[in-house]
Amino acid sequence: NGDAAHASALGTGDHYSLIICAGDEDWFSISAASGQTVQVSLTSEPTQGDLDLVLYDGATERSRSATGSALEQVSGPGSASGALKLRVFGASGATQNYYDLTVSVQ
């Protein structure tokens, strides 16, 4: 799941002990139709490496979180295509860190 074309499906709920390796990024696909709202929270230990989070509808960025804190959050409307993409990546190319995601679709 290192790019948008190979995004892994990500369901609602909690997803624990995911990892970003140095020079890597993770991509996920979240099912969410028009009229629904997606909310995603990422928690990590920023002293181990700052992680950032971006939510896309196709190639259009819908929400970005790049705070440098332990909690990153994005949200946005569902897509006419029925799926959004979520990108998790290190603020620097050398970042390696574990993280947890919580996904809600309403």
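Scroll up to find the structure this text is about.
Given the structure is predicted, the values throughout are model-derived calculations rather than measurements.

Student: Provide a residue-level description of the overall build of the protein chain, including the pertinent values.
Tutor: Looking only at helices and strands, one finds zero helices and nine strands in the protein chain. The secondary structure elements of the protein chain, listed N-terminal to C-terminal, are β-β-β-β-β-β-β-β-β. In summary, the protein chain has a C-alpha radius of gyration of 13 Å against a globular reference of 13 Å for 106 residues, a match within 12%. Along the first, second and third principal axes, the C-alpha set of the protein chain runs to 40 × 25 × 20 Å. Within the span of the protein chain, comprising 106 residues, buried residues form 38% of the whole. Partitioning the contacts of the protein chain with sequence separation of at least 6, the portion at a separation of at least 24 is 74%. Of the accessible surface of the protein chain, which amounts to about 5200 Å², a share of 47% is contributed by carbon and sulfur atoms. The centroid of the 4 positive side-chain charges in the protein chain is displaced by 10 Å from the centroid of its 12 negative side-chain charges.

Student: Describe the environment of G13, naming the residues involved and giving the relevant values.
Tutor: Position of G13 among the secondary structure elements: in strand β2 (residues 13–20). Separated by 91 residues in sequence, G13 and S104 have C-alpha atoms that sit 6.4 Å apart. If sequence neighbours within four positions are ignored, G13 has contacts with L101, T102 and V103.

Student: Can you tell me about the sheet that holds strand β9 (residues 97–105), naming the residues and giving the values?
Tutor: Taken in spatial order, the four strands make up an open sheet running β2-β9-β4-β7, and their pairing is antiparallel. With one partner strand each, in any of the chains shown, β2 and β7 (71–77) form the two edges of the open sheet. Direction aside, the axes of adjacent strands within the sheet are offset by 20° on average. In terms of strand pairing, β2 meets β9 through six bridges, oriented antiparallel. In the sheet register, I19 faces β9, and the bridge partner there is Y98.

Student: I'd love a proper account of unusual backbone geometry, names of residues and values included.
Tutor: Located in the positive-phi region is S17, a residue other than glycine, with phi close to 60°. With respect to the helices and strands, the residue S17 is situated in strand β2. By relative accessible area, which is 56% here, S17 ends up exposed.

Student: Summarise the pattern of salt bridges; cite the residues concerned and give the values.
Tutor: Going through the model one piece at a time under the given rule, you end up with three salt bridges. In this structure, E61 and R64 form a salt bridge, with 2.9 Å as the shortest nitrogen-oxygen distance.

Student: Account for the pairing of strand β8 (residues 83–90), naming residues and giving values.
Tutor: Most of β8 sits out of view: six of its eight residues are buried. With seven bridges connecting them, strand β3 (residues 25–31) and β8 associate as antiparallel partners. Among the inter-strand pairings, F28 is bridged to a residue of β8, identified as L86. Across six bridges, the pairing between strand β5 (residues 51–57) and β8 is antiparallel. Looking across to β8, one finds that D52 is bridged to F89.

Thresholds, definitions, all that
- Residues numbered from 1 in each chain as written.
- Predicted model: local features only at pLDDT ≥ 70, side-chain atom pairs only at ≥ 80, totals over all residues.
- Heavy atoms only, no water.
- Helix = DSSP H or I, 4+ residues; strand = E, 2+ residues; numbered from the N terminus.
- Rg over C-alpha atoms; globule rule 2.2 N^0.38 Å.
- Buried < 20%, exposed > 50% of the residue type's maximum accessible area, 1.4 Å probe, protein only.
- Contact = heavy atoms within 4.5 Å.
- Areas by Shrake-Rupley, 256 points an atom, 1.4 Å probe, with all protein chains shown as cover.
- Lys, Arg positive; Asp, Glu negative; His and termini not counted.
- Charge placed at Lys NZ, Arg CZ, Asp CG, Glu CD.
- Pairing = 2+ DSSP bridges.
- Axes fitted to C-alpha atoms, helices over the stretch in contact; angles between N-to-C directions.
- Salt bridge = Lys/Arg side-chain N within 4 Å of Asp/Glu carboxyl O.

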